[in-house]
Amino acid sequence: MPRRHGLTLAALSIRVLATAMGLLALSTSQAQDDEPETVDTIPVAPLDEEDAPHSSGTLRLEEVVVTATKREASVRDVPSSIDAMSGEDLIEAGATDLEQILAQSPGVTFGSTGGSEIRQQVVIRGVTASGTVGYGGTTTGYLFNDVSLVNPSVAGAIPGIDPFDLATVEVLKGPQGTLFGGAALAGAIRYVPNKPELIDTFGSLSLGLSEVADSEGLARHYTGFLNAPVGDTAAIRVVGTKRTDPGSIDDLTTGENDINSGGNTQARVIGLWKPTSRLSAEFMAYRFEARSDASGSTDNPNHRETESRRKETPGETWANLYRSEVEYEFDSFSVTGIGSFLEKDSESIFDLTAFWGVEDIEGTKVWQLFEGHTEQTTAELRLVSAEPSHVGFWPLDGWDYLVGLYWLEAEQVFDNTTSATLTAVLDPLTIEVLNIPSDLSADADETAVFFDLTRPLGNHFEINLGGRYFRQESIGYIETSDTPDGVTLEEGGFNPKAAVTWHAADHIRVIANYAKGFRFGGFNNNPLNDPDIEFTYFSDEIQNYELGARTDWFEGALRFDLTAFLIDWINPQIRQSSQTTSTSYINNAGGAQVKGVESALTTLLPWNFTLNLNGAYVDARLTETFDTSRGTAPEGSRLPATPHLTGSVNLMHDTFLGYWQLSSALSYSYQGESNNEIVNYEKLPAYGLLGASLSLTRLGLVTPNIRLSGTNLLNETVPVNILHGVAATNGDLNYGLLRPRTVTLSLGIEF
């Protein structure tokens, strides 16, 4: 069937925008002829000369407020590296999933086979020992507010949070174990939702259509939120999104097109009760559902097509998250109690026929069914100073402090069933050749005490100290094990961090930072009793050293930051794939070191333009020789999925034409070449992503808007992940490709 490659929707969108611009010009002309008193009926601040964006020569870049330290602070004041993006800016740019979000964060790479929330990988600063996307072993934490979405000791699905109506998406670079535990070895992706507001009722609705390159259908999205006060002391915020993907991969064997169609639905309700100025309570309920009709992987690195698929590979993921928080503010400190319950389920099928090299045997199908279930309960109690303390005793005086207790209990299940069938050619009879279930489960308990202290030293220095005392116990069970009572892993220790900030001048800060990161051990599934796969693997850790400068120039109109880092990775967990059964597993081996530098420049330009330039250089290599499932990796080998160079440039523009606001942006991100494995590797090619957006908004009490955005406009088709088949049978390579070009036209209204 012939494919449609044109930009029909894009062309239509441009015509719509052209018509809108004509109406804009007409309305602007009419506005100039209207009586002046009509202006008073619509509160449009940009029309005031002193408030207009172009009217002042002392414009400053906006401060981004983050809560990565479990208290609000400007991202400029946090003594660690953070890339923070608002949910509104991400939606404006058309970034609706993690791959598109992370394209703007240098030093961070993303890989996925598509089609399953469980099969994705984010690498921060090169800390990974496998470039293949598999189950478990993530070095990056995923946090919804302060709730970890990562299983503590076995593989599990990670919901892909929609950025709509999020306050920020924070990319925390470097270990985050002091405040967030063992789920964030090298850094974390943190999603922070907007909270309810007590003052007013407001909300938004939008719908959109997207044309996806190499697809015969259109993607659709529907989003909306409502913030409503309930009396004078309470408010509720309801958020909902639904996105569909038409798919873009063709099965050349069956003749089916767009086999990897899918979508997700998300809903969130947050309630706030604030009976007094000191007491507040918040409750959140969140629901996530995702499905995919196929895995999204191909056997062709250059085209979105496959001819070796023999088994349908659908996948489903759902999650429920409940979180409550109660806070009471005393004069000099506040006490906060937080409880959460996370429940996740996932089911996916992975076609092994080509992996095992038997796709040419007519009627043969080999596949694995993965089923996961997690129930995780957490509680946290913390004490936070309202301002630096004054107790009259010098060693304790002047500290800004946070002290907390943490508890986690998790029940995790990860089942794996390997099956094979043979269908006779003459007589359509299907024979079951293989059906081997392997049920893995683990119970985990963690307790911890943590603290974070900050204090000025004189007029020019500031010190930050933190630490986490922790203990975790995990008991793993596997159906084929000879130990029915399970195998116990017990780990504990102290996780420190320290930073010194030198205020060299009013606009220059120099920060030296040290942090230790750790990750708990866990358990492997082994459905085919592979003798090379051990049931347990153990914890690893990193020692992270940073030295950076943050500078502000021209009264805050330009910022330039530069950070150098050195990471020593001790006893790393290595995710591998068995070369006899293709089973993914983890073990510990060797050591590694990462060296790099990151830079960021943001500046206001004339005529209401803003420019962002970001770049990173990372060199990640083994420091010890070790044997992998694919051969011996010598000392000095590059770590996989880690380009030497990454970077991005963004040019944004805002202008006001009467009652209309016109916003536009142009972006380009680059990721250099890397390897998919440490040894006997395939190259992951370099690529660049071009994006653009244009939005038109009528300002007023009711605010309609129209937005046109495009991602991967050049339709780059390159693999971001490569899986190797079984070597003994010359199994095929499997590729996960970049998302195709997507052009979206959306209509919305804010009220």
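Cut-offs applied
- Residues take numbers from 1 onward in each chain, read along the sequence in its written order.
- Restriction of local features to residues with pLDDT of at least 70 applies here, the model being predicted, together with a cutoff of 80 or more for giving and counting side-chain atom pairs; totals for whole chains, interfaces and linings are based on all residues.
- Side-chain metrics in this entry use all non-hydrogen atoms of the structure; hydrogen atoms and water are not considered.
- Secondary structure elements follow DSSP: runs of H or I no shorter than four residues count as helices, runs of E no shorter than two count as strands, and numbering proceeds from the N terminus.
- Only protein chains enter the accessibility calculation, which uses a 1.4 Å probe; a residue whose area is less than 20% of its type maximum is buried, one above 50% is exposed, and one in between is partly exposed.
- Any two residues whose heavy atoms approach within 4.5 Å are treated as being in contact.
- Every accessible area reported is derived by Shrake-Rupley at a probe size of 1.4 Å, with residue values counting cover from the shown protein chains alone.
- Pairs were defined over the aromatic rings of Phe, Tyr and Trp, the Trp ring being its six-membered one, requiring ring centres within 6.5 Å. Orientation was assigned from the angle between planes: stacked under 30 degrees, edge-to-face over 60, tilted for the rest.
- Between any two strands, at least two bridges found by DSSP are needed for them to pair.
- The salt bridge criterion pairs a side-chain nitrogen of Lys or Arg with a carboxyl oxygen of Asp or Glu, the two atoms within 4 Å.
- Joining through side-chain atoms within 4.5 Å is the link that ties buried Ala, Val, Leu, Ile, Met, Phe, Trp, Tyr and Cys residues into a set, and such a set is a nonpolar core.
- Like charges within 9 Å and nonpolar side chains (Val, Leu, Ile, Met, Phe, Trp, Tyr) within 5 Å are joined into patches, using only residues over 30% in relative accessible area that form no salt bridge.
- Charge counting follows a simple rule: Lys and Arg are positive, Asp and Glu are negative, and His as well as the terminal groups are ignored.
- To locate a charge, take NZ of a lysine, CZ of an arginine, CG of an aspartate or CD of a glutamate.

Chemist: Go over the overall build of the protein chain, please, and point to the residues and values.
Modeler: Within the protein chain one finds four helices and 44 strands. Burial statistics for the protein chain: of 751 residues in total, 55% are counted as buried. Counting contacts in the protein chain only where the partners sit at least 6 residues apart, residues at least 24 apart contribute 67% of the total. For the protein chain, the accessible area works out to roughly 31600 Å², and carbon and sulfur atoms hold 57% of it.

Chemist: Tell me about the packing of aromatic side chains, residues and numbers included.
Modeler: Counting across every chain of the model gives 14 aromatic pairs. Taken together, a centroid distance of 4.5 Å and an interplanar angle of 35° make the contact between Tyr469 and Phe494 tilted. Taken together, the residues span a long stretch of sequence, with Tyr469 in strand 23 (residues 461-478) and Phe494 in strand 24 (residues 487-505) at a distance of 25 residues. The exposure class assigned to Phe494 is partly exposed, which follows from its relative accessible area of 29%.

Chemist: Can you explain the pairing of strand 18 (residues 315-329)? Please cite residues and give values.
Modeler: Taken together, the 14 bridges between strand 15 (residues 279-292) and strand 18 define a ladder with antiparallel strand orientation. When the sheet's bridge partners are listed, Ala281 is paired in strand 18 with Val326. In sequence, strand 18 turns back onto strand 19 (residues 333-351) through a hairpin of three residues.

Chemist: Account for the pattern of salt bridges, with residues named and values stated.
Modeler: What the rule picks out here adds up to 35 salt bridges. For Glu63, the salt bridge identified is with Arg559, shortest N-O distance 3.2 Å. In this pair, Glu63 sits in the loop between helix 1 (8-33) and strand 1 (65-66) while Arg559 sits in strand 29 (residues 558-570), placing the two residues 496 residues apart along the sequence. Two residues, Lys195 and Glu282, come together in a salt bridge whose shortest N-O distance is 3.9 Å.

Chemist: Before we move on, can you summarise the sheet that holds strand 42 (residues 719-723) with the specific residues and values?
Modeler: Taken in spatial order, the three strands line up as 16-43-42 in an open sheet, and their pairing is antiparallel. Either end of the sheet is taken by a strand with one partner, and the two such strands are strand 16 (297-298) and strand 42. As paired elements, strand 16 and strand 43 (residues 734-737) share two bridges and run antiparallel to each other. Considered in strand 43, the bridge of Ser297 is made with Gly736.

Chemist: Break down the sheet that holds strand 8 (residues 166-173) for me, with residues and values.
Modeler: If you walk across this open sheet you meet the five strands as 3-8-9-6-7, and the pairing is mixed. Of all the strands in the sheet, just strand 3 (81-85) and strand 7 (147-148) have a single pairing partner and so form its edges. Note: strand 6 (residues 141-144) against strand 7, two bridges, orientation antiparallel. Counted as the bridge partner of Leu143 is Ser148 from strand 7.

Chemist: An account of the side chain of His221 is needed here, citing residue identities and associated values.
Modeler: Its place among the elements puts His221 in strand 11 (residues 218-230). Residues in contact with His221, not counting those within four places in the same chain, are Ser206, Leu207, Gly208, Lys242, Arg243, Thr744 and Ser746.

Chemist: Break down the nonpolar core for me, with residues and values.
Modeler: In this structure, Leu98, Leu102, Val122, Tyr142, Phe144, Ile189 and Tyr191 are the most contacted members of the largest nonpolar core, which totals 31 residues. Of all elements in the fold, only helix 3 (98-102), strand 4 (108-112), strand 5 (120-124), strand 6, strand 8, strand 9 (187-193), strand 15 and strand 18 reach the threshold of two or more residues within this core. Ranked by residues supplied to this core, first place goes to strand 15 with four residues. In this view, Tyr142 contacts Leu98, Gln120, Gln121, Val122, Val147, Ser148, Leu149, Val150, Ile158 and Ile189; residues no more than four positions away in its chain are not counted.

Chemist: Give me the lowdown on the pairing of strand 8, citing residues and values where you can.
Modeler: In terms of residue burial, strand 8 counts as a mostly covered element, since seven of its eight residues are buried. Relative to strand 9, strand 8 is paired through seven bridges, and the arrangement is antiparallel. Each residue of the ladder has a partner; that of Leu172, found in strand 9, is Ala188.

Chemist: Could you give an account of a negative patch on the surface, naming the residues involved and the relevant values?
Modeler: Judged by side-chain charge, Glu62, Glu88, Asp89 and Glu750 come together as a negatively charged surface patch. Structurally, Asp89 is set in helix 2 (residues 87-92). By relative accessible area, which is 53% here, Asp89 ends up exposed.

Chemist: Would you mind going over the environment of Ile749 in detail, with residue names and values included?
Modeler: Positionally, Ile749 belongs in strand 44 (residues 742-750). C-alpha separation for the pair Ile749 and Ser206, spaced 543 residues apart in sequence, amounts to 6.4 Å.

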